[in-house]
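One letter stands for each residue in the lines below.
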Amino acid sequence: MVEKLAEFVANGELDAEFIHVESEHSALSAVVGASAAGARVFTATSSQGLLLMYEIMHIASSIRLPVVMSIATRAISAPINIWCDHSDFMAASDSGWIMLMGMNAQEAHDLVIAAYRIAEDPRVLLPVAVGYDGFWISHTVEPVYVLEKEEALRYAPKRVTWRALDPEKPVTMGPLASPEWYFEFRVQLQKAIEGSRGAISEALREFGQHFGREYREVDGFYTDDADVVLVAMGSVTGTAIPFAEEARKAGLRVGVVNVRLFRPFPEEEVFKHLENAKVVAVVDRAINPGSPFVGPLYSDVAVTAFKRGLDIPVLNYVTGLGGRAVLRSHLEAMVKHAYGFVGKRMRDVETHYGFVGVRE
Amino acid sequence: MSSFTIASIPREELLAPGHRMCQGCGAAIVMRHLLKALGKDVIIAHATGCVEVTTSLYPETAWRVPWIHVAFENAAAVASGIEAAVKAMKRKGLLSKEKRVKAVAIGGDGGTYDIGLQALSGMLERGHDVLYVLYDNEAYMNTGIQRSGGTPLYAWTTTTPVGKLWRGEWRRKKDIIGIVRAHGVSYAAAVNFAYITDFYAKVKKAAEIEGPAFIHAYSPCVPGWRHEPHLTVKIAKLAVQTGTWVNYEIERGTFRVTTPVPKRLPVEEYLRLQGRFAHLTKEEVDTVQRMVDEDVEYINRLAGTVVIGPVERKS
Ligand SMILES: Cc1ncc(C[n+]2csc(CCOP(=O)(O)OP(=O)(O)O)c2C)c(N)n1
Ligand code: SF4
Ligand SMILES: [Mg+2]
């Protein structure tokens, strides 16, 4: 990612300051500083680098800076492992950032452009992270339409929509807030991210109008009449969609939900695809050890269903950790297992989660 | 250094009164004069610490210049980003090319010697046009006087208490300017506000230089050093007169002591005004004296002549 950007800058194709930081912590700190000074900024990271940035992620969102970052989602240590899962992305999901997840290389590219529209929207002013599966997307070859600079700027023109550090109009950013004020800051952050949904929809819709590729917060495939709905994020949905088509030929009515917007979690859009299901199967590529949910995507889907009184089994399949491939056979195993719960209710489920594709 | 006189100190206060720094706080004097010396066209990135919390309590601020605090260890990285942004926006015509806006990072000793050392090194190495100001009160004051890499030998702190086995800090203060110098920066200087014209001259020079510059500012702390609030400037002066603190600068590799001390006072005179050294025995004071003697010898070697003289004992 940054190597390509370095080439662009080295060739004069991108007029930017390229800061060769000594760590990811400084990378995010530097873009926070640059954004506060009024510049459009970008950084990218993965895995341990994202964990090192974690402290500053919260600060970027709470100072309300429109930083854009992409994350090639990867496993976290120990053991050290450089391959794909969603442990890093999920660990950052409480940091007040808007989070999108691309399901292929084109989306990894397009969503970054859309991210600027969202982040810098004066109704939003929040940092945006765009995830895409490490290795499965970041290190495989796929043809991608690359937007021309002018096209991208027409869609997302650079305007300083936020308060910048300027000697003509001095402001203080990142102050100390006592118990008398801190709470209000945090509530403002929650309100800002909750209130960003309209701007996000608009940015995605207009992306479609400009470039012909329209993205939604959530995609549903065959969910109208599905018995088992698989809910997933990232490249695994690229396996799940053809799998669902195949399964249907064999008489298994499978639907697939791709969650593209993870923060703020688009509950209504997700729920729309669950209401007619008999069993929901959430595919997670991370574990939140010791939580009653186990899978982090599961927790959001389960709460979404629970809040709306959907009393069907919502199951969790954790798979593909540390770069293990998620094959159609794995999805088939999940669906077959889930079929065993058709007609049951959540309280009938003894163990709501399982690991797929792991040694016994 | 003599071109700058007391009369040339600007009247305008860019650090507003009403901040919450303690009475007699050395850092408050550093900040006030630092801002006067820098003027308005700066953007400040401040590390977490005593000064940051006492000057920015929402909804008030003491800063009449643009100012941002992000975290404890990253002031140099934040300032790097500010500088890069200003540069890019000027190139693109989004900011006026005429006006120089200087990015300034400010950190305490904890934020500089310890947790922020890596970000500082990166900033210096990359050659950003950033002035880094270390105000050194020789411990983590904000969080309750814990020792840092800048804490001097034998100083009592809450993590180097005086007990049956411990006698306060048992390691020597790290040579921070030596570390900065190893990055090949154009300008690094040690300043002490008891020598205020020297302070101004150096800050101005550091700010004017294109590229990274470093100012190490001496900063007594009333509760941390356990001294009387009215003694701050006296202690600061004694630090120089005893050779404990040396005012010097390194400009493009050339080392120069800016406050020569032909005759030094015994270090005891400096130590005895501070409760953090109250437990020292005669032998321990002698050890500190020997350490200062060694440091002075090193300074004189760098200067190539005796700029800091021997101790003169009043009998
Ligand atoms: C990563 C991190 N660790 C610890 C803290 C808590 N903390 C805030 S300020 C501070 C000490 C600051 O010491 P120093 O840099 O010497 O500044 P001073 O308060 O002495 O002026 C600490 C430990 C923090 N904010 N961030
Ligand atoms: S604790 Fe020390 S550094 Fe902090 S405001 Fe008081 S005197 Fe100044
Ligand atoms: Mg300190």
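Only a predicted model underlies this, so the values are computations on that prediction, with no experimental measurement involved.

Draft legend 1. Quick look at the site of ligand 2. In the vicinity of ligand 2, the residues found are B:Met21, B:Cys22, B:Cys25, B:Cys50, B:Asn137, B:Cys221, B:Val222 and B:Pro223. Classifying every residue of the shell around ligand 2 by side-chain character gives seven nonpolar, one polar and no charged.

Draft legend 2. Looking closely at the interface of chain B and chain A. Counting from both sides, the interface comprises 42 residues of chain B and, opposite them, 39 residues of chain A. Roughly 3,100 Å² of surface becomes buried between chain B and chain A when both sides are summed, with 64% attributable to carbon and sulfur atoms. Ranking the residues of chain B by area buried against chain A places B:Tyr58, B:Ile68 and B:Arg126 at the top, with a combined share of 18%. Between the two partners, chain B and chain A, sit five salt bridges. Where A:Glu17 meets B:Arg91, a salt bridge forms, and the shortest distance between an N and an O atom there is 2.6 Å. Those elements giving two or more residues to the side of chain B that touches chain A turn out to be strand S1 (42-46), helix H2 (50-55), strand S2 (67-69), helix H3 (75-91) and helix H5 (117-126) of chain B. Considering each element in turn, the side of chain B that touches chain A owes the most residues, 11 residues, to H3(B). Here the side of chain B that touches chain A is composed, by residue class, of 23 nonpolar, nine polar and 10 charged. Bridge count for strand S5 (residues 172-173) of chain A against S2(B) is two bridges, and the pairing is parallel. Across the sheet, the residue bridging to A:Met173 is B:Ile68, located in S2(B).

Draft legend 3. View of the coordination of the magnesium ion (ligand 3). All names here are of chain B. The protein atoms that coordinate the magnesium ion (ligand 3) are Asp109 (OD), Asn137 (OD1) and Ala139 (O), at distances of 1.9 to 2.1 Å. Spacing between the donor residues of the magnesium ion (ligand 3) along their common chain follows D-x27-N-x1-A. One end of the pair, aspartate 109, is in the loop between strand S3 (102-108) and helix H4 (110-114); the other, alanine 139, is in the loop between strand S4 (130-136) and helix H6 (176-181), with 30 residues separating them in the sequence.

Draft legend 4. Just the site of ligand 1, in detail. Taken together, 18 residues surround ligand 1, and among them B:Cys50, B:Gly110, B:Gly111, B:Tyr135 and B:Met141 come closest. Taken together, the residues near ligand 1 originate from chains A and B. At 2.8 Å from an oxygen atom of ligand 1 is found a main-chain nitrogen or oxygen belonging to B:Gly111. In the environment of ligand 1, an oxygen atom lies 2.6 Å from a nitrogen or oxygen atom belonging to the side chain of B:Tyr135. Grouping the constituent residues of the shell around ligand 1 by class yields seven nonpolar, eight polar and three charged.

Draft legend 5. Inspection of helix H9 (residues 236-249) of chain A at higher detail. All names here are of chain A. Its 14 residues place the ends of H9 20 Å apart at the C-alpha level, agreeing with the 20 Å of an ideal helix rising 1.5 Å per residue. Every buried residue of H9 is listed here: Val236, Thr237, Ala240, Ile241, Phe243, Ala244 and Ala247. For H9, the elements touching its buried residues are strand S4 (128-133), strand S6 (218-221), strand S7 (228-232), strand S8 (254-259) and helix H12 (328-339).

Draft legend 6. Spotlight on the sheet that holds S8(A). Residue and element names in this part refer to chain A. Read across the open sheet, the six strands follow the order S6-S8-S7-S10-S11-S12; overall the sheet is mixed. Since the sheet does not close on itself, it has two edges, and those belong to S6 and strand S12 (353-356), each with one partner. Each neighbouring strand pair of the sheet contributes to a mean axis angle of 20 degrees, computed without reference to strand direction. In this structure, S7 lies alongside S8, joined through five bridges in parallel fashion. Along S8, the bridge assignment pairs leucine 230 with valine 256. Each of S6, S7 and S8 is contacted by H9, which is oriented at about 165 degrees to S8, the strand it contacts most. Strand contacts of helix H11 (residues 296-307): S7, S8, strand S10 (279-284) and strand S11 (314-319), with the helix running at about 155 degrees to S10, the strand carrying the most contacts.

Draft legend 7. Spotlight on the packing of aromatic side chains. Going through the model one piece at a time under the given rule, you end up with 19 aromatic pairs over all chains. Taken together, a centroid distance of 4.9 Å and an interplanar angle of 55 degrees make the contact between B:Trp166 and B:Trp170 tilted. Here the aromatic residues A:Tyr155, A:Phe207, A:Phe211 and A:Tyr215 are joined through ring pairs into a cluster of three or more. The ring of A:Phe341 has A:Lys344 lying over it, and the distance from NZ or CZ to the ring centre is 5.6 Å. Against the face of B:Trp156 rests B:Arg226, its NZ or CZ located 3.5 Å from the ring centre.

Draft legend 8. Region of interest: the environment of A:Gly38. Tracing the backbone through its elements, the reader meets A:Gly38 in the loop between helix H2 (24-36) and strand S1 (42-45). Taking the C-alpha atoms as reference, A:Gly38 lies 22 Å from A:Gln188; in sequence the two are 150 residues apart. Leaving out residues up to four positions away in the same chain, A:Gly38 has contacts with A:Lys158, A:Val160, A:Trp162, A:Ala164 and B:Met89.

Rules behind the numbers
- Residues numbered from 1 in each chain as written.
- Chains lettered and ligands numbered in written order.
- Predicted model: local features only at pLDDT ≥ 70, side-chain atom pairs only at ≥ 80, totals over all residues.
- Heavy atoms only, no water.
- Near = heavy atom within 4 Å.
- Nonpolar A, V, L, I, M, F, W, Y, C, P; charged D, E, K, R; others polar.
- Contact = heavy atoms within 4.5 Å.
- Buried area = accessible area lost by both parts, 1.4 Å probe.
- Salt bridge = Lys/Arg side-chain N within 4 Å of Asp/Glu carboxyl O.
- Helix = DSSP H or I, 4+ residues; strand = E, 2+ residues; numbered from the N terminus.
- Pairing = 2+ DSSP bridges.
- Donors = N, O, S within 2.8 Å, 3.2 Å for Na, K, Ca; no water.
- Polar contact = N/O pair within 3.5 Å; in protein donor to acceptor, adjacent residues only side chain to side chain.
- Expected span 1.5 Å × (residues − 1).
- Buried < 20%, exposed > 50% of the residue type's maximum accessible area, 1.4 Å probe, protein only.
- Axes fitted to C-alpha atoms, helices over the stretch in contact; angles between N-to-C directions.
- Phe/Tyr/Trp six-rings, centres within 6.5 Å; stacked < 30°, edge-to-face > 60°.
- Lys NZ or Arg CZ within 6 Å of the ring centre and 35° of its normal.

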